[in-house]
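Structure assessment
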Amino acid sequence: MSSPAPAAGRRTPRLLLVLASVAVAFAAADTYVVVLALPDMMTGAGISVEQLQKAAPIISGFLLGYVAMLPLIGRIADLRGRTPVLVAALVLFAFGSLVTAAAYDLPSMVAGRFLQGVGGGGLVPATLALVADLYPAERRGVPLGLVSAVQELGSVLGPLLGAVVLSVADWRAIFLLNLAVGLVLAAAIASLRSAAPAGLDATDPAGSPPRRGLPDLLGLLLALVAAVAGGLVFLRPSQLLRDLTWGQLFVPYVGDGRWLTPVGLVAIGASVLLVVRCATARRPLVDLRSWWRAAREADLTGALLLAIALGGVILAFATADPKVQVFSDQGLWYLLGGAIGAAAFVVHVRRAEAPLVPAGALRRTPAWGAVLVSFFVGAALIAALIDIPLFARTTIHRDSQLMAALVLLRFLVALPVGAVVGGWLTRRVGAGVITAAGMGLAALGFALMTQWDVDSLEHLSADLTLVVCGFGFGLALAPVNAAVLASTDDDVHGVASAMVVVARMVGMLVGISALTAIGLRRYYAHLADNPLPSAREVCGDRTRCQAYSDLLAAAGIPQEHAVFAGAAVAAVIAGLLALVVFRGAATKAISTAEVLRARA
């Protein structure tokens, strides 16, 4: 009979994976939690609801943090371990949540969302690589399916969580909840580090065993001073502001900036001293030296160049108004900067001794193929996430953004179910076949959507279409991840997983702009062939009436049909590519008969 200690040792890695998966789900929920809270967040940042375009950085800031730093974090997870990266990502996510909750203007809110994106994005490659550490290639399907399922479940729960919190509190409570959950999960994962097996992250980023003993008291004091002073800068309690003595602490020396006040300068000074202390102390509160070494070893220069390249693409597309433009007004300049960053990154990778993406890391066809497939999956997926609620808003839920968003739940609920089924099938069927089948179902769903009219969403057939489409996307998630992990070496699983996630996010951004451009072209062509009468011609003396609203809704349907058709094409491309590039991916379990045939 085995002793309790070995049993506990076997359970520890699985528990780490469970906690990491919960963290991924919660971070995914945060991606969508701002959907309903955005108007209130704009008010909190001093932006009127009519100036919606000015709030774009709240969204693009999170996306930039989520995508741009993923390859670096994935590479650090390869070099220094999964668990330290998970803990650090959760702490950063929690800190970003705190900054967002206390934000008083747009720059502070964007900074908080950026930190949330970096932390939330860093959880994904570390968790996927953890699956590869724990399971052989032929047994990864179900765990990868479960991780994909909880990630997509987060996208289902995000808007619902936001709605529940907003029904009892204001938008800041959403991010305070993120803070609490992030810190609890970080503490739980950190507590398991010492119990992890020798080969699985039982070390800190410097490669030494976790340190024990008293923390750095001076560093702790500096952190406390910085936190208290920084909190006062953000919150500015009215009782202190009105006090003749304490109020002097909030009067700026020059200008009107909060950080130029005595309390602001104390916060800045304490933060600078804390960084110096952590960089020089023998037993620092946070071992910045080891993390700096890890970042340099992971190729920080290459990561920054790649971040510039990705950031140019993200800003070009994410800051545009998809209703009227493909790029933002500065989109071409963003793309030019991104192109320069990409060229510099390619040159750097060829010359660096230890580049961010090691030479040959994605040399196998299924590995680079997974990145390409993921791009087209993202391009098709975004059409469902954006245009299904938009179709609902213009047809049957014209007066309720919430009800229009809830139409997407049929799609989102089916997606994690498909992810689990796809993971289970990966053990028995090739990754290419499953991915192609999933994207075929998604394409079928989009093809059916091109037949929708004004009242289609009121029928059961539309619900069935949404379920089929969502299930198809879910079916494809685990095989793509399984293919890239099975086709790359153990020491690059983190950065390889990161590249797949980055490709999907970039595909989503490029896809929504390209598909919207196609839709707008179809819309204007339809109007040219079928000119709309004026409102007065339809409504008489009134400027708006139900009949005219119906005409506008009907005129917009060809645009949505064009978007759905384009998404179907992207899904078909993803499926066909998967059939070709995943042929050599050893993701399924080999039967005894196959082994005997191979030996013969």
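Just above sits the structure.
Okay, so let's go over this structure.

Within the chain one finds 22 helices and 0 strands. The buried share of the chain, taken over its 600 residues, is 50%. A separation of at least 24 residues holds for 78% of the contacts in the chain among residues at least 6 apart in sequence.

The full count for this structure, using the stated rule, is 11 aromatic pairs. Centre to centre, the rings of Phe391 and Trp452 are 5.4 Å apart; their planes meet at 55 degrees, and the pair counts as tilted. Taken as a pair, Phe391 in helix 14 (residues 365–394) and Trp452 in the loop between helix 17 (431–449) and helix 18 (460–486) lie far apart in primary sequence, 61 residues in all. Take Phe391: its relative accessible area is 0%, and that puts it in the buried class. Judged by centre distance (5.8 Å) and plane angle (65 degrees), the rings of Phe411 and Phe473 are edge-to-face. Taken together, the residues span a long stretch of sequence, with Phe411 in helix 16 (residues 409–426) and Phe473 in helix 18 at a distance of 62 residues. You can call Phe473 buried: its relative accessible area is 1%.

When glycine is set aside, most residues are seen to have a negative phi, and most peptide bonds are trans. Despite not being glycine, Arg236 has its phi angle at roughly 45 degrees, a positive value. With respect to the helices and strands, the residue Arg236 is situated in the loop between helix 8 (217–235) and helix 9 (238–242). Owing to a relative accessible area of 30%, Arg236 belongs among the partly exposed residues under this scheme. You will see that Asp299, though not glycine, has its phi angle at about 80 degrees, which is positive.

Right, let's talk about the side chain of Asp216 for a bit. Mapped onto the elements of the fold, Asp216 is located in the loop between helix 7 (172–191) and helix 8. At a separation of 2.9 Å, a polar atom in the side chain of Asp216 contacts the side chain of Arg277. The contact partners of Asp216, leaving out residues within four places of it in the chain, are Arg277, Ala281, Arg283, Pro284 and Leu285.

Thresholds applied
- Along each chain, numbering runs from 1 in the same order as the chain's sequence is written.
- At least 70 in pLDDT is required for a residue's local features to be given in this predicted model, at least 80 for side-chain atom pairs to be given and counted, and no such filter applies to totals for whole chains, interfaces and linings, which use all residues.
- Side-chain numbers come from the whole structure's heavy atoms, not from hydrogens or water.
- Strands are runs of DSSP state E lasting at least 2 residues, helices are runs of H or I lasting at least 4, and numbering of each runs from the N terminus.
- Here's how the labels work: a residue is buried when its accessible area is under 20% of the maximum for its type, exposed when over 50%, partly exposed in between, all with a 1.4 Å probe on protein chains only.
- Contacts between residues were defined by any pair of non-hydrogen atoms, one from each residue, lying within 4.5 Å.
- Only Phe, Tyr and Trp rings take part, Trp by its six-membered ring, and two of them pair if their centres are within 6.5 Å. Stacked means planes under 30 degrees apart, edge-to-face means over 60, and tilted covers everything else.
- Residues adjacent in sequence count toward polar contacts only when both atoms are side-chain atoms; beyond that, a polar contact is any pair of N or O atoms within 3.5 Å, and within protein one must be able to donate a hydrogen and the other to accept it.

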